[in-house]
Amino acid sequence: MAVGDHRDLIVWKKSIDIAKACYQITEAFPRHEQFGLTSQIRRASISVSANISEGKAYGQSRSMLHFLQIAIGSLAELDTHWEIALQLGYISESDCRNMQANLDEVSRMLIAFRQTIASNLI
């Protein structure tokens, strides 16, 4: 079955799950982090799914590769934010590692997706 739009992509669905989890977990962060780490985590988490959908809108093109790379970068940024949250004591080691495992999974999926698109462009 051909993939229609971004909503059909499993990686997009998983990135939405990450964004929802980021919002839920950061609800418990200290109030003084509202415009700091909380905002950064939420912004980066939304960036992943937004860039996947924007890239998908371009079809299999170099532009799509560019947006997928941005999504991969946002996942790396999130990984760092979660590590900082752990070291500041805002989240447990278990919550941090679970989130990082989800980030790693989506990152691997995006890298494979990007490689497939790139090989089709050659």
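Rules of the game
- Residues numbered from 1 in each chain as written.
- Predicted model: local features only at pLDDT ≥ 70, side-chain atom pairs only at ≥ 80, totals over all residues.
- Heavy atoms only, no water.
- Helix = DSSP H or I, 4+ residues; strand = E, 2+ residues; numbered from the N terminus.
- Buried < 20%, exposed > 50% of the residue type's maximum accessible area, 1.4 Å probe, protein only.
- Contact = heavy atoms within 4.5 Å.
- Areas by Shrake-Rupley, 256 points an atom, 1.4 Å probe, with all protein chains shown as cover.
- Disulfide = S-S within 2.5 Å.

As annotated in an unreviewed UniProt entry, the protein carries the name Four helix bundle protein and is attributed to Planctopirus ephydatiae.

Caption draft 1: How the structure looks around the overall build of the protein. Along the backbone of the protein there are 4 helices and 0 strands. Seen in sequence order, the protein has helices and strands lined up from the N terminus as α-α-α-α. In terms of overall dimensions, the protein has a C-alpha envelope of 45 × 25 × 20 Å along the principal axes. The proportion of buried residues among the 122 residues of the protein is 40%. In the protein, 69% of the contacts between residues at least 6 apart in sequence involve partners at least 24 apart. Summed over its atoms, the accessible surface of the protein is roughly 6,800 Å², and 53% of this surface lies on carbon and sulfur atoms.

Caption draft 2: Molecular detail of the state of the cysteines. Under the criterion given, the structure shown has 0 disulfides. Unpaired in terms of disulfides, Cys96 finds its nearest cysteine sulfur in Cys22, a separation of 11 Å. Of the residues examined, Cys96 reaches a relative accessible area of 0% and is grouped as buried.

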